[in-house]
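Each chain, letter by letter, is given below.
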Amino acid sequence: MDERTNYWLRRKVSRRTALQGTAIAGVGAASIALVGCGDDDDDTGGGQGLLPTAAASPTAAKQPKPGGSFSFQISSPPPSLDPYTQTSFVNAYMNGLSYSKLYRFKAGTPEVAPADNAMEPDLATTMPEQPDPLTLIIKLKPNVKFHNGRALAAEDVRYAFDRYMNFEKSVHKSGLSFVDKIEIPDPATVKITTKIPYADFVFYTGGNLGAWISPKEHAESADAATKMVGSGPFIHTEFQTGVSLSFKKNPDYYDKPYPYFDDVKVFITTDQAKRVADFSAKSVDLTWLFLPDERDQIKKNRPDAKSDETQGIGGYIYLRTDKPPFNDKRVRQAISMGLNRKAIRDAISKGEGVPDQLYHVAFPYARQVKDLPQAKYWEYNKVEARKLLDAVIGEGKTIDTTWDHADAAIYTQAYVDTATLAQAQLKEIGINIKDQTAPYAQYISTTYQGQYEGMGHSPRAVPYWLDFVTERFTMKPKRGRINLSYVNDSKLEDLMDKQRGQFNMQERLQTVKQIEEHVAEEQYEIYFSTDTRTYFWNSDIENYRPTAWFPYTHIMKTWRDKA
């Protein structure tokens, strides 16, 4: 049986088992099957979708037990509860409780693997009809109500997408740039015309960002930043700033029999040691993610707890490639070669993880760094790194720059320690860095919006749609939402334009391969290593599994064995 290594669980899983249940669904009649890209992990058997961090875990059917309460941790207060103006992953967690989308992830139950990006209808009745390559028709479910009691209609979907695309303070304009116009043939139908054939429509509109439907009367009110009013499974009842958020069951939720819990409490716990202590003391049902040190501590403290690991993309360095000295790829290549990633892994994550690159190694078709023609740029080599710098800035000269990042509260101390270690390593090749740390709310609204000089450092989310590269690297018609490196590359733009319209996956993966190699050569973003992220939950919590995706919508399918 063909096997591949699962780097997060550090064991082998069969390729067939790992891929079962996953799907990257095409729009309309166009189905998408994944094939290999010429590396040792080729799979010509037509496996579909993202490689999960673990195979699906079917369990014996159990009778749900409605009622009771559920609680979980988050690591930081959401900067704002307004989905139109936020990119924070903390917001995405909360959004999944109160807001709805056209589609939603299937992940979050035992039979679906954590990184399976398959979608199911949410507000939509089915996957969209596609009468031609540029037209998508979505029928909405009946009897959907907002939490304020008003019926949700197709016009609300049109309004939400228009606000994401055109509202002055929206941070999602680039994500929906494929939309040309939205029409409402009748109150239950949304007709979307795209500018180009767009293969990722379902994945984007079912994902974390730029997809939540909030009604006009709430979105344009003064309460939008501190209260959620959607049509989702739970009604937001309270927001104690810096302390917690509270939710109650939506009795009019359109997808019966969900949700099962009567109420949900979200504790904002910024201190990592307290997160460990609270779960160890059984004062919370579900933990925030834990890296290896805390993971092993929890396993010792709570051997009774259930747990699962999800894949993790490590952090990356972004830098102003539109300005000297970072506009010269040799400087960027030198930075990558000046990083001792193994030393950082040994210090931060007990040596777990592998060098990471643009297309996450958990995608079944993505090559690992070692298999790229440009693998040398990930190899720690101070001598070659210095030679590259000498060729650009002159022998013996140095670069003085800044490095912006958030504090440890939300991304953990390991994130800050990674920055500290990397800066010390880069100093050895002649790059002198002034470290600039900011609270998360400030960082996400300034630096992460591109307001920085020099260099920066951030974690990366696990992408759920192939066209995520556009948000990372486009300058058309303006800088993409997370094109923090200010990349402006006509060759790369052409490749991105090409792949997003390729419904034949075999053809699309050839374009993906070209993007992989081009970005690896240019080192527009400089990646660290993958990591292991473990979630723990109480043993009496049933029908739950963590996901690689942020929305906590799946909690609606969870219940307590002793409600």
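Here goes a summary of the coordinates provided.

What counts and what doesn't
Residues numbered from 1 in each chain as written. Predicted model: local features only at pLDDT ≥ 70, side-chain atom pairs only at ≥ 80, totals over all residues. Heavy atoms only, no water. Helix = DSSP H or I, 4+ residues; strand = E, 2+ residues; numbered from the N terminus. Buried < 20%, exposed > 50% of the residue type's maximum accessible area, 1.4 Å probe, protein only. Contact = heavy atoms within 4.5 Å. Areas by Shrake-Rupley, 256 points an atom, 1.4 Å probe, with all protein chains shown as cover. Axes fitted to C-alpha atoms, helices over the stretch in contact; angles between N-to-C directions. Parallel < 35°, antiparallel > 145°, perpendicular 65-115°, else oblique. Left-handed = near helix turned anticlockwise from the far one by under 90°. Nonpolar A, V, L, I, M, F, W, Y, C, P; charged D, E, K, R; others polar. Salt bridge = Lys/Arg side-chain N within 4 Å of Asp/Glu carboxyl O. Polar contact = N/O pair within 3.5 Å; in protein donor to acceptor, adjacent residues only side chain to side chain.

Moving on, we come to the overall build of the chain. Regarding its fold elements, the chain presents 16 helices and 21 strands. Counting across all 563 residues of the chain, residues that qualify as buried make up 62%. Long-range contacts, defined here as pairs at least 24 residues apart, represent 72% of the contacts in the chain between residues at least 6 apart. Per element, the accessible surface of the chain, about 20400 Å² overall, is 49% carbon and sulfur.

Take unusual backbone geometry next. Residues Lys256 and Pro257 are joined by a peptide bond in cis, for which omega reads 10 degrees. Tracing the chain through its elements places Pro257 in the loop between strand E11 (244-249) and strand E12 (263-268). In the Ramachandran plot, Lys282 falls in the positive-phi region, its phi being about 60 degrees despite a non-glycine side chain. Residue placement: Lys282 occurs in the loop between helix H6 (272-280) and helix H7 (292-301). Of note in this structure, Gln523 is not a glycine but carries a positive phi near 50 degrees.

Two elements in contact, H6 and H7, have axes whose closest approach is 10 Å; the angle formed by their N-to-C orientations is 20 degrees. In terms of orientation, H6 and H7 fall into the roughly parallel class. Judged by the sense of rotation from one axis to the other, the crossing of H6 with H7 is right-handed. Of H7, the residues touching H6 (which contributes Gln272, Val276, Phe279 and Ser280) are Glu294, Gln297, Ile298 and Asn301. Partitioned by chemical class, the residues of the contact of H6 with H7 number three nonpolar, four polar and one charged.

Further remarks concern the pattern of salt bridges. Within the structure shown, the criterion is met by 45 salt bridges. Asp156 is the salt-bridge partner of Arg150, the closest N and O atoms lying 2.7 Å from each other. Residue Asp156 is classed as buried on the basis of its relative accessible area of 7%. Of the charged contacts in the structure, one is a salt bridge between Lys387 and Glu384, with a shortest N-O distance of 3.4 Å. Of the two residues, Lys387 and Glu384 are both situated in helix H10 (residues 382-393); the distance of three residues between them amounts to about one turn of the helix. Accessibility expressed as a relative area gives 33% for Glu384, which makes it partly exposed.

With that out of the way, let us pick up the environment of Gln130. Examined against the element boundaries, Gln130 turns out to sit in strand E6 (residues 129-132). A relative accessible area of 23% means that Gln130 is categorised as partly exposed. At 3.2 Å, the side chain of Gln130 and the backbone oxygen of Pro133 are in polar contact.

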